[in-house]
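The primary structure of each chain is shown beneath.
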Amino acid sequence: MTQAENRTPLLHVENLKQHFRISRTFTTKAVDGISFDIYPGETYGLVGESGSGKSTTGRAIIRLYTPTDGKIVFDGYDISGKMDKKTESYLRTNMQMIFQDPMACLNPRKKVKEIIAQGLEIHHLYKDQAELDEKVYAILDKVGLSREQATRYPQQFSGGQRQRIGIARALVMNPKLVIADEAISALDVSIQAQVVNLMKDLQDELGTTYLFIAHDLSMVKYISDRIGVMHLGHIVETGTTDEIFENPIHPYTRSLLSAIPHPNPREEKTRVALTYDKQKEGVDYTKGSIHYVTDTHYVLATDEEFEKWNNQEHTY
């Protein structure tokens with residue numbers, strides 16, 4: 001499950017930009033030149049506050065958007081520009097997405113069985129109806145739903161069950177990469193733990209690779225092998241889970257970590273949440289470059305910023 005430098009990444013993202021033109025004079029730079037790799041069988045957590053560009057990154061990678069600039073290589077296929085039919089078919093069958101809102105992404109007019117089987121039917125990944133049914137029932141068992149529930153409609157399920165249907169729909173294709181876009185944020189905490197445990201179990205069993213997009217750092221710590229911290233369209237720090245949590249360098253990463261509530265009420269009373277203001281700090285992400293703390297841990301900063309942040313004491 002750990003990253004090995006000599007392995008070929010399953011997903012290679014290089015200088016990805018996703019800009020949206022709002023008017024003739026204004027363009028939103030939702031993602032502004034990010035690079036990262038995801039290796040086979042690992043979970044890469046992408047974290048940051050709302051509006052930092054996490055979901056846009058996921059949607060650009062799976063090509064729901066056409067990237068403004070940059071390179072995306074998935075399992076040896078270049079999927080950044082115009083794709084030929086073979087490349088597009090490979091992308092659609094081997095990369096899947098679990099969406100944030102479990103109700104909005106399920107067709108209320110279709111039964112659960114039809115929703116889960118849709119991808120298999122589009123790409124003809126079955127021999128006959130019996131095999132199609134068997135694949136659907138097998139994945140329902142894996143996500144903890146019964147065969148009897150296959151003939152029900154989405155509105156007959158709770159939020160957690162609907163998210164399980166979304167996970168089943170993504171995993172029935174047996175994809176190499178699953179992009180989980182805030183897949184648990186709409187669920188109760190107890191259900192969140194169930195869904196994350198389910199995703200981990202399925203990863204162990206099927207060898208699936210995850211890009212796990214979230215803003216809840218405690219959940220990301222639990223599921224991720226490596227973490228990328230994103231702010232205003234830039235990845236400001238990347239490292240293994242231990243490196244990010246035990247030795248955060250960037251002040252934005254430190255502010256995110258300081259906001260995690262402490263389970264001990266006495267310690268929670270004395271917890272100081274750090275604030276990070278990019279303007280006050282005088283940080284310009286476009287002037288920063290990659291500075292390595294270790295082989296796997298690096299920060300976006302200028303030389304002066306890196307020296308200053310590296311010498312700061314942890315205050316939480």
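Structural notes, computed from the coordinates. (Residues numbered from 1 in each chain as written. Predicted model: local features only at pLDDT ≥ 70, side-chain atom pairs only at ≥ 80, totals over all residues. Heavy atoms only, no water.)

## A closer look at the overall build of the protein chain
Phase 1: When its secondary structure is counted, the protein chain shows 12 helices and 12 strands.
Phase 2: A globule of 316 residues ought to have a C-alpha radius of gyration of about 20 Å, and the protein chain, at 21 Å, matches this closely.
Phase 3: For the protein chain, the spread of C-alpha atoms along the principal axes amounts to about 65 × 50 × 45 Å.
Phase 4: Relative to its full complement of 316 residues, the protein chain shows a buried share of 48%.
Phase 5: Look at the contacts in the protein chain between residues 6 or more apart in sequence, and 65% of them connect residues 24 or more apart.
Phase 6: Computing the positive centroid from 37 side-chain charges and the negative centroid from 43, the protein chain places the two 7 Å apart. (Helix = DSSP H or I, 4+ residues; strand = E, 2+ residues; numbered from the N terminus. Rg over C-alpha atoms; globule rule 2.2 N^0.38 Å. Buried < 20%, exposed > 50% of the residue type's maximum accessible area, 1.4 Å probe, protein only. Contact = heavy atoms within 4.5 Å. Lys, Arg positive; Asp, Glu negative; His and termini not counted. Charge placed at Lys NZ, Arg CZ, Asp CG, Glu CD.)

## A few points about the packing of helix 3 (residues 112-122) against helix 4 (residues 129-142)
Phase 1: Contact geometry of helix 3 with helix 4 gives a least axis separation of 10 Å together with a crossing angle of 120°. Crossing geometry of helix 3 relative to helix 4 is assigned as right-handed. Between helix 3 and helix 4, the contacting residues are Val 112, Lys 113, Ile 116, Ala 117, Leu 120 and Glu 121 on the first element and Leu 132, Asp 133, Lys 135, Val 136, Tyr 137, Ile 139 and Leu 140 on the second.
Phase 2: Each residue belonging to the contact of helix 3 with helix 4 can be placed in one class, and the counts come to nine nonpolar, no polar and four charged. (Axes fitted to C-alpha atoms, helices over the stretch in contact; angles between N-to-C directions. Left-handed = near helix turned anticlockwise from the far one by under 90°. Nonpolar A, V, L, I, M, F, W, Y, C, P; charged D, E, K, R; others polar.)

## Focus on the packing of aromatic side chains
Phase 1: Counting across every chain of the model gives six aromatic pairs.
Phase 2: Seen in terms of ring centroids, Phe 20 and Tyr 65 are 5.3 Å apart; in terms of plane orientation they differ by 80°. Their pairing is edge-to-face. With Phe 20 in strand 1 (residues 11-21) and Tyr 65 in the loop between helix 1 (54-61) and strand 4 (69-74), this pair connects stretches of sequence that are 45 residues apart.
Phase 3: Here the aromatic rings of Phe 36 and Tyr 44 are separated by 5.0 Å at their centres, their planes lie at 5°, and the arrangement is stacked. A single burial state applies to Phe 36 and to Tyr 44, both of which are buried.
Phase 4: Three or more aromatic residues joined by ring pairs make a cluster, and in this case those are Phe 74, Tyr 77 and Tyr 90. (Phe/Tyr/Trp six-rings, centres within 6.5 Å; stacked < 30°, edge-to-face > 60°.)

## Points about the sheet that holds strand 5 (residues 77-78)
Phase 1: Read across the sheet, four strands follow the order 2-1-4-5 without closing on themselves; strand pairing throughout is antiparallel. Two strands bound the open sheet, and with one partner strand each, they are strand 2 (27-38) and strand 5.
Phase 2: As judged from the nine bridges shared by strand 1 and strand 2, these two strands associate in the antiparallel manner. Each residue of the ladder has a partner; that of Arg 21, found in strand 2, is Thr 27.
Phase 3: Helix 1 rests against strand 1, strand 2 and strand 4 of the sheet, and its axis sits at about 110° to strand 1. (Pairing = 2+ DSSP bridges.)

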